[in-house]
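Here is what each chain is made of, one letter per residue.
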Amino acid sequence: MSSHSIQIRINGRVHQATVESRLLLSDFLRDEAGYTGVHVGCEHGVCGACTVIVDGQAVRSCLMLAVQADGCSITTVEGLAAADGTLHPVQQALRDTHGLQCGFCTPGIVMTLAALREAQAAPSEERMLAALSGHLCRCTGYQGIRRAVRQLAGTPAESAHE
Amino acid sequence: MNDAQHPPQAGRYIGQRVERKEDARLLTGRGVYVDDVSLPGMLHVAFVRSPIARGRIRSLDASPALALPGVYAVYTAQDLARFKIDMLSFFLAAPAVQITPLASGRVAYVGDPVALVIAQNRYIAEDAAGLVQVDYEEETPVVGIDAAREGALVHPDSDSNIAVAMGEEHDEAIEALLAQAPHVVSTTVHHQRVAQSPIETRGVVVAKHGEGELTVYLACQSPQMAARYIAQAFGLPPTGIRVISKDVGGSFGLKVQPWREEIAVIAAGLIFGRPLKWIEDRLENLTASNQARDQQMRIRAAFDNEGRMLAAHSDYDLDNGAYPHGADCNIAVSMFLWAAYKMPQFNFYTKGWFTNTVGLAAYRGPWAMESLARETLLDIAARQIGIDPIEIRRRNLVYKADQPRTTPFGIPLEDITPAECLELLLQKFDVAAFRAEQAQARKQGRYLGLGFAAYIEPTAGSAGISVLASDVAQIRIEPTGKVSAVLSTHSQGHGTQTTMAQVIAETLGVPLADVSVHEDDSSRGGFGAGASGSRQAVAGGGASIKAAELLRDKLRRVAAHLLETDAQRVRIENGRILVDGEPEKSRSLREIAEVAYGEPERLPEGMEAGLEAQYRYRPPPLTLSSAAHLCVVDVSADTGFVKILRWISSEDCGVMINPAVVEGQIAGGLAQAIGTVLLEHVSFDARGNPTAVTYKDYMLPAISDVPDFEYHHLCTPSQSVGGFRGVGEGGCIVGPPTLVNAIADALSPFGAIPLDLPLTPSKLLEVIEGRSMAPRPAESAPVPVPSAPVPSAAPAPVLEAPPVIATQTRIDGIWKLVLATPIGPQKFNGNFVTDGDKVSGTLDSDMGSQAFSGVVEGNRLRWDLKVTKPVSVTLKYDVLIEGDKLSGKVKMGIFGNAKLTGERG
């Protein structure tokens, strides 16, 4: 088993480690770096719970090896809120709209929406919903998540029937 | 678009959409799920699992695995045998067939755990699991209910593949009514097997502390229930076991009890001594976690010319797999099939079958088949009789004016409102306008459909199931003046840290921010079953109100004494003590609490120090919720793809604690219903290999599959303290028939749709195009498996009257008896004394002793026994003794027949 020395900036802090080539980035972030907000739901890239931002892109950390992230800058859900505890707008929107129940899929959803806002100041409702079609939530029926997206997009809350 | 009809007693907190206390940690990645727990010296577990569905383990060689650096141990069933573990059911009853945590000699499904590996990390543990050499003698598996009827015995030591059976296959009276009726409607519904699929899989971390003390971190539905289960399974004192479960990533019935893998890891932890962790991966979750549904029902129902119900018979089969959480014939399906309707007479026959597939577990609304089968039948009946589907429901549903009444199963109906929910729904949707739009659309080749369903749901049942009887709230006002509550509730997303705090803050008169709820550690409080059967608002909410009232009354007495006034004049508002007419006497809670804890000599004479209260609340025997839903679909005639355009829920869950949480529960259930009807399918090939083992094949609904739901609330207070009703499961029960009926309505120009879930595009295209879309036969042809000789399943022995054989048989003495009941096998002893053609004696169990007397004909004994718990019923015993064996049946009133077996003690 080959080992590699890697250096990754995570939530602004530089981590150095020696890892086996087969170590998943998700396992590295959780077990070696201690960012347990990275949740592993399927380990085959479908559920989206393990999504983190790697150099500005939303990435499924279960589909990337830790060695591939050598030299990258990564943000996890722990790194989004301000130092004084003020929630990121995406976190605040989900909180306002009851957008989560068990919270297991939530970090991935937060990171996908946060990555969209990093790339584009005001992504449209359609753009955000399309990105979220790659995330599985088993609790909420996506109702609060969709309300959060509308809040972020500035769409009136009660745009449906009546 | 959310409105509440007559919101009763909306309070400062009860009834408010307050934000959840849990969300601050969950949104920032600071939750603590089981996989987030890491202990010093902790090692990791991976399982060696059976690649075949049925066979004998000839040999197992762990030496290649043990030679791998980083591997500490490999354990098999023999290593764990020292614990003599019983895999109990949720009701803490012994299993119907022997279930060991690891396969013992035989494997019974693909994924059956055969051995476990302990290693330095999960990567090495999985490498090592692949190196364990197991030699199997493969046998032809029993896959599916039809195979179970004819195939080999799934459990060779049993006498039948029927796990449990109840009811009557043939009822003369019902048959006569069906024969005479103007209209008889007959349907058969197939419900596929589904996986609960919480996004967090199962997992456990176990840490042994010396002898007799154990900490278990567990993904579960109740740390209290899990601690009790583990204590009983291992025969350990419950005080030595501490189960911690802070955050759980969904469960939906799967984690209601620890099962084989979790128990195996705990056993391994007891043997090995170091902390161990096992986190199920998704492949294991979709193949080896117990699954749900997999059932079929045939109903025949008779109607008069106006569409009024006359009589019905239902015949229901359920696939239990090999090792169900509790061998089950799902009696609740039959109990609630007609409960909301004025069905004068019905009977049923219900069977649970063993097969060589992974076992059955609960899933949100485990009895949901009753609503699917009934509500789809009603639409077919309406078409057949020529009346509107709304009208057939109006003519048969139980309205408020029809109550009180009792269902044929003896369930009292006092305040159900399915009909009123339907009427509210019809106020919110213009059916006539839709029909005009539908007709217009059809001319343009667009197929729109409208579906309805109504139902009632049993919630917070507390009678007859001892583990669900009560919940406890322990509340204290701390010396700081803040409020801590330790409850037997538990959240896997339910938000009980918020809703229970709302109830407590409201009752005590303190700010919501000052109340902290703790429910994550079995060692902190008393027993309760946590999340199960939609009970937490009712049982936990009631306990919280009662305990908070006790504490409020004490606080008022203390304050009155210290402030030299009358307790009647003391109020608590927003965390302050106020005295009517004397504003200068206002005090903070902290000032009073500091005296109560620190200067008890200043309290009224004889009063206990501190400000603490506890109440164990037993809710009413059953609290019923009601709902009616509708949805509108657009089915593409080109692709068979179903698009849901609109979905309206009209429900009555009594007083709502937090409408946002209520709607979240409904929505989650509805999304699961959509998955059930359109997407999800746990499938097997003929050899019993699971064929949907990733989320690419087992398809969960995504955000693009689920529409915006609209909610309307009737709020009829229940009889429980607080007036709450459960709402956790309803969407998953009423959702499937609502959607199936809408699809059937859309495609009615083409003919009837198959009642065979999931309704995939290819199945719907068969209806639209009138030709088969089945895969080419070569793909699904069963492959013969060389089979070891095994005994064949005996045909349903349960309901045959025992033949009378006139030989002299020794009857007198002690017999060890086992009765197969809907909540698992019940063991007791019979002491028989014969005197000519009379027999008398006692039936003795841990619960007590009951005397009986009856008659003897040769070796056949018959007697009646009246019982009052859990329900009042006369049990009619009819048994046959042959040598040292006893077999027969017990007719349990409306519950039908149960099988009795025994041997001389």
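Residues numbered from 1 in each chain as written. Chains lettered and ligands numbered in written order. Predicted model: local features only at pLDDT ≥ 70, side-chain atom pairs only at ≥ 80, totals over all residues. Heavy atoms only, no water.

Caption draft 1: The overall build of chain A, seen in detail. The helix and strand tally for chain A stands at five helices and five strands. Beginning at the N terminus, the succession of helices and strands in chain A can be written as β-β-α-β-β-β-α-α-α-α. Computed over the C-alpha atoms, the radius of gyration of chain A is 16 Å, within 12% of the 15 Å expected from 2.2 N^0.38 for a compact globule of 162 residues. Projecting the C-alpha coordinates of chain A onto the three principal axes gives extents of approximately 60 × 30 × 25 Å. Scored against the burial criterion, the 162 residues of chain A give a buried share of 57%. Taken as a whole, chain A presents about 6400 Å² of accessible surface, with 46% of it coming from carbon and sulfur. (Helix = DSSP H or I, 4+ residues; strand = E, 2+ residues; numbered from the N terminus. Rg over C-alpha atoms; globule rule 2.2 N^0.38 Å. Buried < 20%, exposed > 50% of the residue type's maximum accessible area, 1.4 Å probe, protein only. Areas by Shrake-Rupley, 256 points an atom, 1.4 Å probe, with all protein chains shown as cover.)

Caption draft 2: Local environment of the overall build of chain B. Helix and strand counts for chain B stand at 20 helices and 37 strands. Over its C-alpha atoms, taken along the principal directions, chain B stretches across nearly 85 × 75 × 70 Å. Per-residue burial for chain B yields a buried fraction of 62% across its 905 residues. Across chain B, the fraction of contacts at a sequence separation of at least 24, relative to all contacts at a separation of at least 6, is 75%. (Contact = heavy atoms within 4.5 Å.)

Caption draft 3: Quick look at helix H19 (residues 730-746) of chain B. In a regular helix each residue adds 1.5 Å, so 17 residues correspond to 24 Å; H19(B) covers 24 Å between its end C-alpha atoms and thus fits that length. Of all 17 residues making up H19(B), 17 are buried, and the element is well covered by its neighbours. (Expected span 1.5 Å × (residues − 1).)

Caption draft 4: Seen up close, the packing of helix H4 (residues 125-132) of chain A against helix H5 (residues 143-153) of chain A. Residue and element names in this part refer to chain A. Running from N to C, H4 and H5 point in directions that differ by 145 degrees, and their axes come no closer than 9 Å. Considering only the axes of H4 and H5, their crossing is right-handed. Every residue of H5 that contacts H4 at Glu 125, Met 128, Leu 129 and Leu 132 is listed here: Ile 145, Arg 146, Val 149, Arg 150, Leu 152 and Ala 153. Looking at side-chain class alone, the contact of H4 with H5 contains seven nonpolar, no polar and three charged residues. (Axes fitted to C-alpha atoms, helices over the stretch in contact; angles between N-to-C directions. Left-handed = near helix turned anticlockwise from the far one by under 90°. Nonpolar A, V, L, I, M, F, W, Y, C, P; charged D, E, K, R; others polar.)

Caption draft 5: View of the confidence of the model for chain B. All names here are of chain B. This prediction gives chain B a mean pLDDT of 92; 94% of its residues lie at or above 70. Taken together, the stretch residues 1-8 has pLDDT below 50 and engages in 28 contacts with residues farther than four places along the chain or on a different chain. Segment residues 779-807 is flagged for pLDDT under 50; beyond a separation of four residues in sequence, or across chains, it makes 54 contacts in the model. (pLDDT = per-residue confidence, 0-100.)

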